[in-house]
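Structural overview
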Amino acid sequence: QVQLVESGGGLVQPGGSLRVSCAASGSNFRLCTMGWYRQAPGKQRELVAAITSIGSTNLADSVKGRFTISRNNAENTLNLQMDSLKPEDTAVYYCNAACRYGTYWGQGTQVTVSS
């Protein structure tokens, strides 16, 4: 069982930066592929970035060069550094853990990019 709690969302101006974090509880976090998804109003949830247990990363084309995903297995944390934010990045961001024994979601954190 894994529980995920996101933090760090908020309001930021276009071109600004924001960092969202996910704290995971439960054992074997380090064995799970972790990811960030987002869902904007009226749109489907989409994968933003993912990182495997050994640190291989995958980013959506729309965020490549602007977002960085990282994890700290010793502290059971997942981070998403978001730079050069655009209004179209506005969404609820969800932390996801894909583990051998199940898939888990956090409650989400709102990120709003607006002037």
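That block above? That's the structure.
Further remarks concern the pairing of strand 9 (residues 91-99). Regular strands place their side chains on alternate faces of the sheet. The buried fraction of strand 9 amounts to eight of the nine residues, a majority that puts the element mostly inside the structure. When strand 4 (residues 33-39) meets strand 9, the two strands line up antiparallel, connected through seven bridges. The residue bridging Trp36 from the neighbouring strand is Cys95, located in strand 9. Both strand 9 and strand 11 (residues 109-113) contribute to a ladder of three bridges, which runs antiparallel. Bridge assignment links Val92 to a residue of strand 11, and that residue is Gln110. Pairing geometry for strand 9 and strand 10 (residues 102-105), over four bridges, is antiparallel. Across the sheet, residue Ala98 finds its bridge partner in strand 10, namely Thr103.

What counts, and where the lines are drawn
- Here the residue numbers are simple positions, counted from 1 along each chain's written sequence.
- Per-residue local features are limited, in this predicted model, to residues with pLDDT of at least 70; the limit for side-chain atom pairs, both in listing and counting, is 80 or more; totals at the level of whole chains, interfaces and linings are taken over all residues.
- As a rule here, side-chain values come from all non-hydrogen atoms in the structure, and water together with hydrogens is ignored.
- For each residue, the accessible area found with a 1.4 Å probe, counting protein chains only, is set against the maximum for its type, and the residue is called buried under 20%, exposed over 50%, and partly exposed in between.
- Strands are runs of DSSP state E lasting at least two residues, helices are runs of H or I lasting at least four, and both sets are numbered from the N terminus onward.
- Being paired, for any two strands, means DSSP has found at least two bridges between them.

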